[in-house]
Amino acid sequence: QVQLVESGGGLVQAGGSLRLSCAASGRTFSRYDMGWFRQAPGKEREFVAAIRWSGGSTYYADSVKGRFTISRDSAKNTVYLQMNNLRPEDTAVYYCGADQAWGANLALYSVYDYWGQGTQVTVSS
């Protein structure tokens, strides 16, 4: 069992930066692939970024490439999402997920076994 707790959200002006954190419980965190998704009001949850358990591979949605960076610190059981040059369309609740089965496609919501409660990110224009 893994519990995930996101933090770091807030209100920021367009062009600003935020760093989200997802702290995980459980001894096997280092063996989980991790991902970030987001959900805006009235929209479906969408993929943002993901990182393999080894940290060797990362994946990004086209809309955030070059602006967001996902990373992990297994010693701290934490995965991060550094978000730069934020835009109003990045406004959403951001969720982190953990995949224990090393799914082939980390952009799929259904691959993840555990989710956090989410953290709100609001970008003003």
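The rules behind each value
Residues numbered from 1 in each chain as written. Predicted model: local features only at pLDDT ≥ 70, side-chain atom pairs only at ≥ 80, totals over all residues. Heavy atoms only, no water. Disulfide = S-S within 2.5 Å. Helix = DSSP H or I, 4+ residues; strand = E, 2+ residues; numbered from the N terminus. Buried < 20%, exposed > 50% of the residue type's maximum accessible area, 1.4 Å probe, protein only. Salt bridge = Lys/Arg side-chain N within 4 Å of Asp/Glu carboxyl O.

Participant: I'm lost on the state of the cysteines in this one. Help?
Facilitator: By definition, a disulfide links the sulfur atoms of two cysteine residues through a covalent bond. Counted according to the given criterion, the structure contains 1 disulfide. With a sulfur-sulfur separation of 1.9 Å, Cys22 is cross-linked through a disulfide to Cys96. Looking down the S-S bond of the Cys22 and Cys96 bridge, the torsion is 50 degrees, so its handedness is right-handed. Note that Cys22 is positioned in strand β3 (residues 18-24) and Cys96 in strand β9 (residues 92-99), a separation of 74 residues in sequence. Comparing Cys22 with Cys96 shows no difference in burial state: the two are buried.

Participant: Where do I start with the pattern of salt bridges in this structure?
Facilitator: Two side chains with opposite charge may pair up if their charged atoms get near one another. Applying the stated criterion across every chain, the model contains 5 salt bridges. With its nearest N and O atoms 2.6 Å apart, the salt bridge here joins Asp33 to Arg52. Taken together, the positions of Asp33 in strand β4 (residues 33-39) and Arg52 in the loop between β5 (46-51) and β6 (58-60) put the pair 19 residues apart, joining distant regions of the chain. For Asp33, a relative accessible area of 0% gives the class buried. Judged by relative accessible area, which is 15%, Arg52 ranks as buried. Through salt bridges with shared partners, a single network forms among Arg38, Glu46, Arg67 and Asp90.

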